[in-house]
Structure formats: C-alpha cells, structure tokens
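Residue-level structure breakdown
What follows is each chain in one-letter form.
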Amino acid sequence: MNGILRTLVAVPTAALRANSSSIDIPVSRRRELAASLLDALALAYAKHSKIDTAIEIMSTRHENLPMLNCLTVRVTAAESYLQLATQTLNESTRLDPSAAVNSLAREPQRANHHLELALKIFDDAIRNSRGGHAGINGQGACSLCSERYDKALECYQEYWNVLWMLGHKDDAKMAWERTLEIDPDSKVAHSLMAAYYLHVTSTMPEYDPSWMNNYRQVIDHTQKAYKLDKNFPMACATFASHFFSKKGYQQCESLAKKAIEYSDVPGITSDGWYILGRKAHAEGELSTALSCYRKSDQTREGGWLPAKIGVGQVQVLMKDIPSAKLTFEAIVQENPKCQEAKTILGTLYAHEVLSAVPRSGFAGSKDDITELHKKAIFLLEGVRNIWRNDKRTDPANEAVLLTLARLYEHDQPEKSLLCLQAVHQIYMEVKETDEDVLVPIQLLNNIATLYWHQEKYSKARELYQEALEAIPLHKEKDEHLDSDALATTLTYNLGRCEEAAGNFEQATKHYNQLLQFHDDYVDANMRLTYMALRNTSPEGPKMISKLMQTDGNNLEVRALNGWYLSKQKRKPLVNIAEDAEQRHYKHSLQHYDKHDRFSLTAMGNLYLHTAREMPRATESDKEKKRKTYEKAVEFFDKVLQLDPKNAYAAQGIAIAMIEDKKELRGAVGILTKVRETLANDGHAVVNLGHCLAGLEQWGRAIEMYETALSKHNQGRDPNILSCLGRVWYAKGKKESKMEKEKAFESMKNSLEYAKKALDIVKENPVFMFNVAFVQSELVSQILQLNENQRTVAGMEAAAKELDEAVQTFKTVAAHKTPPYPPKDIEARASMGRTTRNKLDRAIATQKEYEERNAAKLAEARKRREEDIKRRQAEMEEARRREEEKKAKVANERRRIIEQAREYAERKEAEERERDEREEGAKEGRRRKRTEGEGGTKGRRRRKKDFVDSDEELSGEERRGTRRSRSAAAVGEDGEEPKRPAKKRKKLTRGKAAMGNFKSSEMVHSSDDEDEEITRMETAIETEGVKRRKRVAVSDDEDDEMDDLFGDEDGDKAGDVEMQDQDAPAAATMADDDDDDE
C-alpha cells in the first residue's frame, strides 16, 4: 500500500519540522485551508505514522473520499478502524462507482484471503488509465504473496517504466540502481540506465563539461548490457546510434538490423528503422532513407516526430518541395512547439519568396508571394521567440537570423539590421571563449550597408574599414578565400559611403584605387562619370561617351546616359521623335530590354514634359496635348503592370491627372502614398507641395516645400526656393482682398525666397525676372495699405526695391534667352516707372499724414506720461500712508504688550504677598488649636484675637465667612465646590489714572491685531483666576477645623472684586476686618 500512496501524491516531507509530534492544526484553521493543502497535510501526517490526525483532517473533506480510503486502509490492524474503512469505501463507491482507486483501496483488506480476486481487480485497474501504475504495483504485490517471484519482478519493472513515461525519471533511476545492486548482471537495468543518461545528455549542450561524463555512462552501461546479450535489441539500438555519430556506418547498419530483428517492442523497432534511415540519409541514398523514415513513423503507435522530420528533410533534398511543405505543415499543426519543423518550414517559405522577388525589392512581388512572405516571417519569428530570452547563445540560431534579415531587408531595414546585429553578437560571445573565431566579412559588409542606407555614415565607414583590415586574417585561416573579390566589393562600398556623406575627394580616391586593379569595373567608372557630370566638369561628357562605347549594352550605363541627355539644354520640341533622349530610350527598349522599367518611366516623363509645353490655343492643339498626356500615362501604366508598387510611375500618373484633368484631390491621395514609399526622395514631397498649393492649402504646401528643401543640397536648391517664393506670393494675392496687412507680410516672404534662389544661380534670367516681379508687386501691395498701416520708411524701402525691379526688367529684356518676350518685359519696366510716380505721391501724402499726426501723437504721449507719473505718485503716497499706519499699529501693539506684562508681574506680586499673609494667619490658627484645650469659649476668644476685631464674630458671620471662601474656590468656571471654602480677603483698588493697561485713545488696527490683543487680555485674566482657585483649594486642604464653625447654609462671600481692565490701577490690600465694616 505504501507504493500506492507514493504514486497518488508526492508530499515534500522535508518541508515538515523534524519533530512531527509538535505539528498541530486547530480545527477552525483546517476549514480555512485549501483542498489541495489538506490532502498534502493528511498524507504527510500519514507518512509520519500519525494516522489518526490524517484521518481527522480528511474527514472534513467529504468530496475526496478516495483519498480517505487510502488512509483508512493503512490502519486495518485495529478492529474499530476496519469498520470505519468499510463504511468510507462504501460511501466512496456510491459517489463514483467507476473510480479505480476504490477497488484498489478495497483490495488490501482481501489480499490475505482472496489473492485471485485481488489480481482480477488489479487487471481491471490496469485497463483503466486512471489507475494503471497503481494496478501494476498491486499485481506485483499479489504475485509476491503468491511466491511467484518471476511475475512479481516483471510487474515491478513495468511499474518503474510507467514512472519513467510519466516523467518521474529520477525515481525510475533510483529503482534501476537498486536493481543493479541486487542483480549487477541485469541487462535490462543497464540498458535503462543508459537510456537515462542519454536523456540527461540531450538536455545539455555539447560544450558543457558534464556532458562527456554523462555520455561515458551511456557507453559503459550499453557495453555491459551488450556483453550480457549481444542480441539484446535495446543495447543494439543504442550502440547503432553511437556508431552513426562516429560515422561507423557499417557497424551502425548491422546493429540497427539486429535491433529490428530481435525486438518485439514497437518503440525499439521504430528506433532501428530510424537509425537505418539516418544512415541512408547521410550516405545520399535518399529513396532508402525515405522508406526507412516512413517505416519508423508507421511502426510506433501515433507516429514518431523525428521520423516525420526526416521524411520532410529527404523530400527537400529530392527537390519535392510541395510534398515537403505539406509534411512540415502537418507537423507544425500537430506539434505547434516543434522548433525544428517551424524552422525548416519557415526557411522553405523564405526561399520561395526570395527566389520569386526581384532584386529591386518586394515591390514587384504578387499577392501570393506577399502572403508567403508574412508566413515565413511569422514562423521564423516564432522560433526566434523560443530562444530570445535564453541567456546562452546558440550558434545554430545564426541561420534563422540571417534568413529573417533577408526577409526584412527591403520592407523593414531597421529590423534587418537588428537581426544582423544579433548574429554579430553571437560571434562576439563565442569569440570570448575561442579567440580563433573571426566575424565573417560578409556580415560586417551587410551591417555597414544598412547603416549607410540609414544615413549613419560614420558607423558604416568604421565597419567597412574593419572588414578590409580583417581580410588578411581570414586569408591566413582559409587559403582558398577569394580575398580580391572581397577587397573589391568593400572598397567600392566604402567609396559609395563617402560619396553619400559628401566627401567627394575620398570617394574619388577609393574609386581610382579600385580601378588600378580592375580598370573594367563598370560601377566605379559610372560613379566617377556621374560625379563629373554632376559637378559640370568638362571631362564629364568625354567620360560618358567613353563609357557608352565600352559598356553600351549595360542598362545601368544606358540609364546614366539618358539622365545626362535629359539635363542638356534643348529648344521646345516640335516633334518628340526628333528628341535625342527619346531616341535613346526607344533604342534601349527595342534592342536591349523591352521591360526595362527605367526606360519606360523615363519615356513617360518625357511625354509628360512635352505635353506640358505644348500650346492650347485651338481645339486641335488641346486634342494633341490630351493625347500626349495619354501616351505618358500608357508608359506609366506599363511600368505599374511590371511593378505594381513602383512609386515613380504612380507619381507620373498623378502629375498627368493634375495637369490634364485638374483632379487635384485624387492626385493628393496618390502623392501621399508615393511620399510614404519614397521617404528620402525630395521630388515626391515637392510634387505633393505643388498639388496642395493648387488646392490653396498654403500652410501644408509651405511645409512640404521646406521638408524637400532640407533634403536637397543642404537647403540650397534654387528650384525649391523658387517654389516657396511662388506659394508665398499666391498666398499674399489671396489675402490682399481681405487682410491687406497679412498680404504685405506674405509678399515680403516671397521676395526673401526669390532673392535666396537668385543668390545661388546668379545672372539667371528666370530667377532675375522672379525677383523683379515680386518687387513690383510688393510696391503695389504697399500702395493698397491704409495710411495708419504703413510708414514713410517702409515706403522709401519699397521705392528702392521698385527702382531695382525696373533696372532688372531692362537687363532681362536684353538677355539672349529671356523667359518671356522682350516686349512684355519692357512693358513691365514701363509700368514700374509709372508705379514709381504713384509711390512718390503716396510718400508725400504719408509724410503729411505723419507730420499732422506727430503733434497729436506727441500731445497724447505727453498726457500719457503725465498720467503715468501721477498714478505713480499716488501709489507712492498710498504706500507711505500704509507703512505709517503699520508702524503706528506696531508701536501700539508693543505698548499694550508691555503694559500687560507689567500688570501680570504686579498681580503676581500682590497674590504672592496675600498668600504669605494667609499662610501666617493659618499658622496662627494652628497654634491656637494646639494650645487651647479649654471650652469652646476659650477657642472663640483666640479666634477673635486672631481676627483682630473688637467684637467676637457671631455664628451667622462665621458661616458667611466660610461661604465667601467657598465661593472664591468655585471661581469663574461655575463648578460646585467640594467643601466650604475659607473667607478671602477682599481686594480694593485705588483710583489710578487711565492707561495702565489700555490706552484711552482709539487705535485703528486690523482685525487680526485686535483679536491678538483680546486673546492676550483674556489669558492674563484667566491666569489670575486660576491662581485664586489654586489658593482656595490649598486653603481647604490645610484647614480641616473650619467645618466646625458656623452653618453651611450661610451667605456666600463674593469673589475678589477687581476694577475693570480698561483702567487697571495699583490695587491695595484691605484690612482683615473690611467685611465687618
């Protein structure tokens, strides 16, 4: 039964205290514990031989009767508990008749007399999965009682195997070690121990120091089992796997076949077929390997995951990719956490995506490829998440990260960079333990290239240089390394990085260095030619001509030549077929590649430019212009058919929509998407700015132009500056109808941008005309302003601008290539001279207006200054009065405080003197009481003598005296006295001058100051009352004989009378006989 209990629940008895007798749980606390905790505690008490306590705990849980069954069975020795056990078992059977544990718990009661019936019930429990391992243990116990030791041994071995399958591998190991202690020649125990250590080695990496020790245990136990029986299937299968890892394929095959031949266990037979499949797989016999893997999978009930993975791998090697994808998809569906299957399936998807996508990026991919792209990323990211938080770095993760980097390269380059950085980190961690490991040059190059695309040129430069310096080290390690190819690629990339960073001298140096070793390197020649053409070098045309002669069949070279032709100055086209650029692109499409997207896009732009310059005077001209736009759209549409996500073609269609059909709002949506795609292309932003300006969205248009300006030539692009000037001008013209003052400011901004553009391209007639035109418009705008909105100085400055404009018009009209007909420009100059006359008259009028208003302004300014001074003087006077008032109040407060202090001191002195006289009087009375032993008369005589009165006090007078003292003891609190008090001496005050405590004058102070003074007076008066009360109480305590005289119902003496505090005077103490008087 101990075995059954240990199988049902495992209680960590180490958590209990060593002295189990000290463990006690109140009944009230037991009801609060969780059900699982009660079970664990009950079994823990049972293991410590405290069965009574365990049954008491479990008795509170009627819902877990099977557990109570196990506990009650353990105390079957006592007759009283046997009856309790039977009752509990019957109740448990009633609640759950199908529970196998009920039958198992009932059997120990019958085992001694009904072994056959017990065996039958244990067989039923084995068939029920809920009690299988307990049933096996019970079968072993019954066989042991029947002295069938061979059967008992088999049952117990099977029991521990069940524990192994349930995951209790350490418990199984302990049982097998115990078996070897009893029987050192047990081949089964040795094989099972080998299986245990083989499991341990599978949970640790090979570079772990303890891995070799555990694997040595595998070999040792397998050798012992194999020596005991060379046909033992389990040992043969283990040795076959070992020889396969050592590439001893001949021994591996013979041992695997022997395991298949002699084994009657499906698992070992499956292992044999699997090992044969691996051997055939390694030798390249793919058909045999596929057959063996499938037999291994089919032999095991429910299939075997390693064999299924082997089938998929062989299908990949046999180029049966669709079948391999189906195989791995089924594996991933059945085993979502299988890292190997997800890795292979994600790699298959990635290979299909990368082979179908053009080198230019994922823009040319179709929807099905996009879906595969998402699936590949999802699977590989799932694999990555499994080991993302693992602190140990596994070099096998490199392949997954590199594949992810390629998938992210075009759409999400920042994630691609993170993947490559993770691979670099793997190499750096491995390098800490193995200094011979070198970071691959290709990895450094790819990371640097991604940094370059992110415009992080300094980091890219460092990595390129690091890769160049590492080439000799790699060459020493690998003699077959093509170091020249690596050096060529890295030098070119370094030159491109320097060129993008604006270091043209360094870039030229790297390109020339490359051409010294490879003078036919086309890309280096192209970059040098492009820089020469960009800088308008006289060598540029010669270089492009030479390049076309040597590499004219290269589409990249032809594209560069087309760009050069588009930048050449040419006359307005009469026939587009005569244009050299058009003939060049047409030749490229006809003779080299009809699907060349650059040439098609360039043709569309050429037709777009031609249509823009065509006249629209007649209907035939308009029709011809419309057809030219349609021709441009046809070229752009062809590009989009080849590359649905080509942003340049989409941008061309949007421009055609704007210029031909004026569909500005529809074009804004297209251009917005183009801008998102071409984030670093300033032209897309400029086109969007044009469209927004056409919609009169001036603020957004200005924002777009300024964004584009920041991306071009460090803010010195004359065309974009001219666009900014134009949009400010349009904004000013629109505002001139309603807000003339704002319109004038907009015109000033327009003139500022126009001058900036002219500073960059000096003596350009187009930009000169723009500046002069805005200058003349600025004067027209200032003339429209009211007299109170402009100044003479501003008008005189505008006059100078107008003079410059007139002179500029004359210069532009005399230029060889004026932007407009010379007569029209001369007419502008003549208009400027007329405007100047108007401006002169306006300046004279403005001067009269300002002179006329100057006196008014001066008078108003003077009045304003006087008013300011008057208000300041009033504020100063008010401030001075306030300060005087505060000083007076402060002085008065100090005087009152001083008076209060003097009054308090005087009052204290008076009370101290009175206390001393009363003490003397009391002392005299005490002496009289001690001396007088005669009758009452003698005592009355002594009292009379003490009072110092000519006549003895009557009884009524004595009672009145005591009541006076009692009333004085009550004080102002109104409390009833505890005993009659003595008579107090009445204080009288002389007539003193007013002002000892309060001033007779009225003091004007704030409410806070009055409250403070009142509180002080109240405190002083209260303190005096408290002193009088304390004296009265002390008199009552000291004089015990006062109660013998008089009647308590006599008249009460009044309190000490005090003069009103408004006129405190020096009080004098009256004579003791004042009351009699």
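Residues numbered from 1 in each chain as written. Predicted model: local features only at pLDDT ≥ 70, side-chain atom pairs only at ≥ 80, totals over all residues. Heavy atoms only, no water.

In the nomenclature of an unreviewed UniProt entry, the protein corresponds to TPR-like protein from the organism Sphaerosporella brunnea.

1. Thoughts on the overall build of the protein
The condition is simple: Secondary structure is summarised from DSSP: a helix means a run of H or I of at least four residues, a strand means a run of E of at least two, and numbering begins at the N terminus for each. Burial classes follow relative accessibility: with a 1.4 Å probe on protein chains only, a residue under 20% of its type's maximum area counts as buried, one over 50% as exposed, and anything between as partly exposed. Working definition of accessibility: Shrake-Rupley area with a 1.4 Å probe, residue cover restricted to the visible protein chains.
Looking only at helices and strands, one finds 45 helices and 2 strands in the protein. Taken across its 1077 residues, the protein has 41% of its residues classed as buried. Summed over all atoms, the accessible surface of the protein reaches about 62,700 Å², with 49% contributed by carbon and sulfur.

2. Overview of the nonpolar core
Rule in force here: In this description, a nonpolar core means a group of buried Ala, Val, Leu, Ile, Met, Phe, Trp, Tyr and Cys residues linked to one another through side-chain atoms lying within 4.5 Å. Any pair of residues with heavy atoms lying within 4.5 Å of one another is described as a contacting pair.
Within the largest apolar cluster, 59 residues are counted, with the highest numbers of intra-cluster contacts made by Cys 691, Tyr 705, Val 727, Ile 782, Phe 809 and Leu 839. Those residues in contact with Ile 782 that lie beyond four places of it in its chain are Phe 744, Arg 790, Gly 794, Met 795, Ala 798 and Leu 839. One finds Ile 377, Leu 379, Leu 417 and Val 437 within the second-largest nonpolar core, a separate group that totals 53 residues.

3. A closer look at the packing of helix α41 (residues 792–813) against helix α42 (residues 822–931)
For clarity, the cut-off: Whenever a helix is involved, its axis is fitted only over the stretch in contact; in every case the axis is a line through C-alpha atoms, and angles between N-to-C directions fall within 0 to 180 degrees. Comment on the angle field: the value is read as roughly parallel under 35 degrees, roughly antiparallel over 145, roughly perpendicular from 65 to 115, and oblique elsewhere. Take the far helix as your reference; a near helix turned counterclockwise from it by less than a right angle gives a left-handed crossing, and one turned clockwise gives a right-handed crossing. Residues are grouped as follows: Ala, Val, Leu, Ile, Met, Phe, Trp, Tyr, Cys and Pro are nonpolar; Asp, Glu, Lys and Arg are charged; all remaining types, including Gly, are polar.
Interhelical geometry of α41 versus α42 gives an angle of 165° and a closest axis separation of 9 Å. The angle between the axes of α41 and α42 places the two elements in the roughly antiparallel class. Crossing hand, α41 versus α42: left-handed. When grouped by side-chain class, the residues that make up the contact of α41 with α42 number 15 nonpolar, 3 polar and 9 charged.

4. Section: the side chain of Asn 397
Structurally, the position occupied by Asn 397 is in the loop between α21 (367–386) and α22 (398–408). What makes Asn 397 buried here is its relative accessible area of 8%. Ignoring any residue separated from it by four or fewer positions in sequence, one finds Asn 397 in contact with Trp 387 and Ile 426.

5. Observations concerning the environment of Leu 533
Along the chain, the position of Leu 533 falls in helix α28 (residues 522–534). Leu 533 gets classed as buried once you look at its relative accessible area, which sits at 12%. C-alpha separation for the pair Leu 533 and Ile 544, spaced 11 residues apart in sequence, amounts to 8.5 Å. Setting aside anything within four residues of it in sequence, one finds Leu 533 in contact with Gly 540, Pro 541, Ile 544, Trp 563 and Tyr 564.

6. Topic: the packing of aromatic side chains
The condition that has to hold: For Phe, Tyr and Trp, where Trp contributes only its six-membered ring, two rings pair if their centres lie within 6.5 Å, and the inter-plane angle classes them as stacked under 30 degrees, edge-to-face over 60, or tilted in between.
Summed over all chains, the structure comprises 16 aromatic pairs. Here the aromatic rings of Tyr 274 and Trp 304 are separated by 5.0 Å at their centres, their planes lie at 70°, and the arrangement is edge-to-face. A residue pair is termed long-range when its members are at least 10 positions apart, and Tyr 274 in helix α16 (residues 266–283) and Trp 304 in the loop between α17 (286–299) and α18 (305–317) qualify at 30 residues. The buried category is assigned to Tyr 274, whose relative accessible area is 18%. Centre to centre, the rings of Phe 769 and Tyr 820 are 5.0 Å apart; their planes meet at 50°, and the pair counts as tilted. Placement of Phe 769 in helix α40 (residues 765–783) and of Tyr 820 in the loop between α41 and α42 is noted, with a sequence separation of 51 residues between them. Judged by its relative accessible area of 9%, Phe 769 falls in the buried class. Three or more aromatic residues joined by ring pairs form one cluster here, namely Tyr 729, Phe 769, Phe 773, Phe 809 and Tyr 820.

7. A word on unusual backbone geometry
Despite not being glycine, Lys 662 has its phi angle at roughly 60°, a positive value. Within the secondary structure layout, Lys 662 lies in the loop between α34 (647–661) and α35 (664–677). Note on Lys 662: relative accessible area 58%, which makes it exposed. You will see that Glu 763, though not glycine, has its phi angle at about 60°, which is positive. Within the secondary structure, Glu 763 sits in the loop between α39 (740–760) and α40.

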